[in-house]
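# Descriptive analysis of the structure
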Amino acid sequence: MVEKTKAHELAEQQREISVSEFFAKNRHLLGFDNPRKALLMAVKEAVDNSIDATLDAKFLPDIYVELQQLKEDRFKVIVEDNGPGILKEQIPKVFGKLLYGSKFHRMRQSMGQQGIGISAVLLYGQLTTGKGMHITSKIGPKHPAHFYEIHIDTQKNEPIVRQDKIIEWNKDHGTRIEIELQGAYQKGKQSVDEYLREIALINPYTQITYKTPEKETITYLRAVSELPKEAKEVKPHPYGVELGVLIRMMQATTSGTVSGFLQHDFCRISQVLAQDICKKAAINPRARPTTVARDEAEALYNVIQNTKIIAPPTDCLSPLGEEGLLKGLKKEIDAEFYTAVTRTPSVYRGIPFLIEVAAAYGGSLEKEEPVRIIRFANRVPLLYQQGACATTESIIDTSWKNYNLSQSKESIPIGPVVLVIHVVSVWVPFTSEAKEAIAHYPEIIKDMKLALQEAGRKISAYIRKTVKAREQQERVDLFEKYIPELAHSLSNLTGDKKATIEEHLQKVLKKGLKDLLAEVKAAENTKIKGENIAFGEKQQTLSEVEDER
Amino acid sequence: MSGKKAIEYLKDFGRRVVHEVKKGKNPEIELPLRSLNNIIYDKKTRTLKLGKKTSSRSFFNVSHAKKFLQTVEVASISKNLLTEEKHASLRDVFYQAKRTIPGTNLNIVDDQNESDKAIEDLELVTGMSREQLNMTANKNGSVAGRVIIEDKGDTIDWSKLGSGGWSIPSTVENITFKKVSAKYILYMEKAAVWERLHEDKFWDKNNCLIMSSQGQTTRGIRRLLQRLYEEHHLPIYVLTDFDPWGFYIYSVVKYGSISLAYMSEKLTIPGVKYLGISADDINNYELKKHFIKLNDQDTSRLKQISEYDWFKDNKEWQRQFKMMKDFGAKAEIQALSARGISFISEKYLPEKIKNKEFLD
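What follows deals with the overall build of chain A. The number of helices and strands found in chain A is 13 helices and 14 strands. Once local pairs closer than 6 in sequence are excluded, the contacts in chain A between residues at least 24 apart make up 70%.

As C-alpha cells, then:
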C-alpha cells in the first residue's frame, strides 16, 4: 500500500467534500437540467445499472419500471430487476456516495461508466423532495432481503442510513429501488417511453414491463434468448492513458518495479519494450513505481506516446451483432426492409471501439420527413444533443443521394428510414459528463461513415428492386387497360371479333412479361455493382426497341 | 382515289397489326422519322424531303402504347367516315377519339394536338392525305383579287366577296381556275394586315391577289399558292414580321416544313420570294424605334434557323440573321402603321415591288 502523507489525505478530503456539493449546485452537468429530463435520468440510471448487473451475473434481464404521479410535479420512480443483488455492506455506498463504483477504474465495456449515475439520482431526489431512496436487495434464494432507506450527506459525500431491516420479498434475487423526485412526464421524442423502447431495441434479450403514470402497462418482449458475448476486461493501452492517470496508476500498482508496472498494468507491453521505454525516459527499470517523481513520470508519458505499440486487443468489445440488431429493430420499428452492419473493431487514442449500424426502410415510416436517428453508446440510448453528436456528423457527411435518398447540403437525409448507430467501446468518449453526445474523434467518424455507407448500399438495392417491381406492375396495369380499347378499334377496322383480338393481345402481354422480368433482373445486377448510380434512370421497356433505325 | 379504295388501305393497316398479334408478336408500326435529323434538303429541287430513318412504334412499350392506340383509333374513325361518306373536322375527330377508358382516369387523347399527330401518322402509314381519309382542317385564311374559280358547281369571283374575301378551305384539289387576271400574289402572315390592304383596295390598284393566314400556313393555303404558281405562273411575295418565326413561315412556304416533309412535293414552292420586313427595311423605313427586344426563345430559334441546311449557305439570309442578332430586336409588320395607317399600301409595298427588293 501507498504510504499516506498528510498531503494525500488533504487532497482526498478536499475532493470528497466538493464532489456532492459541486453536483448539488451544478445538477445540469449530470443531466438533471429540467423536471422532464430529471425523470428520464432517474429511470435511465436505474435501468442501465439493472441491465449491467443482471448481465454480469449471466441472467436474462427482466426489468420492471413504474412511474407514479403523486402530485402535479412529483413522481415516484420504481425500478426492479432480477439481477444478482448487492451485498448488504455495499448497499449504502453504492447508492449513497458519489463516484463510488467498480466501473470507473476498470477498462471494460458496460452501460454505466463512471459510477456517478444512481447516487446522483438519489442526490437529486433528496434535493427536490427531502426524501431518500428505498432499496430492496436480495442475493439468493437462501439469503434474506434487505431493505434500506438511504440519504446522502452532501458535505462529506457519505451515505446516511435511515432504515436498515430485513423484509419478506417473494423473489430469488434482484434489486428494487424506489425514489420520489420532482419531475414532469410527457410523451414524445425524449420521454421515458421512448427511452425504454430504444433500450428494448438495443437489448433484445431484455424483457421490460413498464407501468406508465397513466397506469397503462406496456411490455417490451424479449426477442433473443441468448445473452450477449461477455465483454472481457482489458488492461489499458498505454496510448489511452493521460499523465494524471499514469501517476495515479503508479501509486496504486502492486508491481515492485517500473518495468514490471509497465508490463503488468498495461496491455501490449513486453519486457523488451518496457526496458526500452525506461531507457529512453532515463528511468531505472528497477525503480519502485511509487518513488518516480512527477517530471520523471512526464518523461515516461512522453516516451510512451512516441513509441510504436501495437493496437489493443479487441475481444473486450461485445457488439450486439447483426442478427441481434435486426431482431431488436424488427420488434420495435414497423418497416418493410431491415439491414444491419457490425464493423470490425478499431482504435481511437489507444482505446478499442466498434461501430454497428442498423437501418429500417419503408412501411409505416414517414416519407417526407428527415431520417430518424436512434443513437446508442454501449447499449444505452442517447436521447439528447443529437446535433452535437459524432453520429449526426457522420450521417450528414455521407452522401445519401448515392443511396436513393434525398438530401440537401449539410443536412440529415429525407426518407422513410430509421438509422440506428451503436458505438461500442470500453470507454465511449462523450462530449460531457451528462453522456449525451459522442465526441468527434476522426477515427470514430470514419468507421461510422463506412458502416453507414454499407447500410446505405443495402437500402438502395432494396429501393431499386421494389421501385422496379412497382413500376413493372404499373406497366402491366397500363397495358391491361389499353388492350380492350385497341381490340375494339382493330375489330372495327378489320371486322375480326373483338374477343379474339383481345385474347391474342393478352397472350403477347403474358409472354412479354417474362422477358421483362429477366431484363429488370439483369439491369439490377449490373447496377448493384456500380456505386454511384443515379436514381430514376431510363427504365427498360417491355421490348426495348431502338427508337431510330 | 375513291372512298372504297381508302377503306381497303385502312383495313390493310388493321389486318397487318392483327396478323402480328396473332403470331404472338408485339405489334409494330413503322413510320418515317419526322424530325430535323431525318430531313434532307434537296439542293436541286430546293425542297425538304424525308430521309430513310424510320421509327418503330410498338404497342407493348410504355412510351409508345398510347400513341399506338391513338393511331389505330383514328384509323377506325376514318374508316367509319369513309363508310358513311361524311367528312369530319380535325376537332370532330378529336372529340370522337376523346373518351375515358372505363375504370381509369386515362383518356385515349387528351388534347387535339395528340389526335392531329395521330392523323399525320396515319397519313404516313397509309400513304393517303387526311383529306382522302375524310378528315379536314378548319378553314383558315382569306384571299381577294381578280380571279374567278369554280367550286362544287358554284362560280366564285374573288374580287366580289365584300369585306371578308374568300375563305380558303382545307382542300383545294377540286376547284378549277376559270379566269386569272391578277399578276402576282402577296401572301402575309397576319389577317389584320390583309384587312388593311383589302380596305385600301390594294389588290385592285395593283392587280394582284392578297392572301393571308393567321400564323402558320395551312396545307390548304400552301396548296392553293402552289397551284396558282404552277398553273398560272404567278410570282409569290411573302410578307411577315421581322422575327425568326416570320422567317420560318417563309421557309415553310418555299421549302416545305419539317413535320410535313413527306408531302413536300404537293406543297412546296421554290420560286417564292421574301418581301419583308427585312433588316434593311428596318433601316430604310426607320423602324428601330418600334423594336421589341428578342427574348431567349427568339434568340435560340434564330440560331436554329440560321443553321438549317437550306439557309446555311445563303449569304443574303445569313446577313439578315446576323443583323437581327446584332439588333437584338424584332419588329412587327404593323410597325409601319406608325408612319400612317395606309403607309404600307401606299408607300412601302409599291416601292418594294417596284424596286424588286426581294430576298430569295
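Moving on, we come to the overall build of chain B. Of regular secondary structure, chain B possesses 14 helices and 17 strands. The buried share of chain B, reckoned over its 360 residues, is 41%.

For the rest of this paragraph, the subject is the pairing of strand E14 (residues 236-239) of chain B. Residue and element names in this part refer to chain B. Of the two faces of E14, both are covered, the one formed by Ile 236 and Val 238 as well as the one formed by Tyr 237 and Leu 239. Strand direction decides the pairing type here: strand E12 (residues 185-188) and E14, joined by four bridges, are parallel. Paired with Met 188 across the bridge in E14 is Leu 239. Here three bridges tie E14 to strand E15 (residues 273-276), and the two strands are oriented parallel to one another. Pairing of Leu 239 across the sheet is with Gly 276, part of E15.

What follows covers unusual backbone geometry. Omega for the peptide link from B:Gly276 to B:Ile277 comes to 0°, which places this bond in the cis form. Turning to its location among the elements, B:Ile277 is positioned in the loop between E15 and helix H10 (279-284). Backbone geometry places A:Glu410, a non-glycine residue, at a positive phi of 50°. Relative to the elements of secondary structure, A:Glu410 occurs in the loop between helix H11 (390-397) and strand E14 (417-425). Given 7 C-beta atoms within a 10 Å radius, A:Glu410 is considered exposed.

Bringing the interface of chain B and chain A into the picture now. It is common to give the size of an interface as the accessible area lost on bringing the parts into contact. Tallying the contact residues gives 33 residues for chain B and 28 residues for chain A. Residue assignment for the side of chain B that touches chain A shows that the elements contributing at least two residues are helix H1 (3-22), strand E4 (54-58) and helix H2 (65-84) of chain B. In terms of residues, the side of chain B that touches chain A owes the most to one element, H1(B), which gives eight residues. The class makeup of the residues in the side of chain B that touches chain A is 15 nonpolar, 11 polar and seven charged.

Two pairing modes exist for strands in a sheet, parallel and antiparallel, and in both the strands are linked by backbone hydrogen bonds. Residue and element names in this part refer to chain B. Here three strands make up an open sheet; going across it, the order is E9-E8-E11 and the pairing antiparallel. On the outer flanks of this sheet lie strand E9 (154-157) and strand E11 (176-180), each paired with one strand and no other. Sheet twist, expressed as the average angle between the axes of neighbouring strands with direction ignored, equals 20°.

Okay, the confidence of the model for chain A next. Residue-level pLDDT values for chain A average 85, and 87% of them are 70 or greater. Within the model, pLDDT remains below 50 along residues 522-549 of chain A, and this stretch shows 36 contacts once partners closer than five positions in the same chain are excluded.

Before going further, it helps to spend a moment on the sheet that holds strand E5 (residues 158-167) of chain A. Residue and element names in this part refer to chain A. The strand order E5-E4-E3-E6-E2-E1-E7-E8 describes an open sheet built from eight strands, whose pairing is mixed. This sheet does not close on itself; its edge strands, each paired only once, are E5 and strand E8 (217-220). In this sheet, neighbouring strand axes are inclined to one another by 15° on average, regardless of whether the strands run parallel or antiparallel. Two strands pair when backbone bridges link them, and strand E7 (residues 207-211) and E8 are joined in this way by four bridges, in the antiparallel orientation. Within E8, the position partnered with Thr 209 by the bridge is Thr 219. Lying on the sheet, helix H2 (residues 35-56) is in contact with strand E1 (62-71), strand E2 (74-81) and strand E6 (174-182); it crosses E2 at an angle near 10°. Contacts from helix H4 (residues 117-129) reach E2, strand E3 (133-138), strand E4 (145-153) and E6 within the one sheet, and its direction differs from that of E6 by about 35°.

Next up on the list: helix H7 (residues 219-232) of chain B. Residues and elements named next belong to chain B. Compared with the 20 Å implied by 1.5 Å per residue over 14 residues, the 19 Å span of H7 between its first and last C-alpha is a close match. For H7, every residue scored as buried is listed here: Arg 219, Gly 220, Ile 221, Arg 222, Arg 223, Leu 224, Leu 225, Gln 226 and Leu 228. Its buried side turned inward, H7 meets E12, strand E13 (209-212), E14, helix H8 (244-255) and helix H9 (264-267).

Calculation notes
- Residues numbered from 1 in each chain as written.
- Chains lettered and ligands numbered in written order.
- Predicted model: local features only at pLDDT ≥ 70, side-chain atom pairs only at ≥ 80, totals over all residues.
- Helix = DSSP H or I, 4+ residues; strand = E, 2+ residues; numbered from the N terminus.
- Contact = placed C-beta atoms within 7 Å.
- Buried ≥ 20, exposed ≤ 12 C-beta atoms within 10 Å, placed from the backbone.
- Pairing = 2+ DSSP bridges.
- Nonpolar A, V, L, I, M, F, W, Y, C, P; charged D, E, K, R; others polar.
- Axes fitted to C-alpha atoms, helices over the stretch in contact; angles between N-to-C directions.
- pLDDT = per-residue confidence, 0-100.
- Expected span 1.5 Å × (residues − 1).

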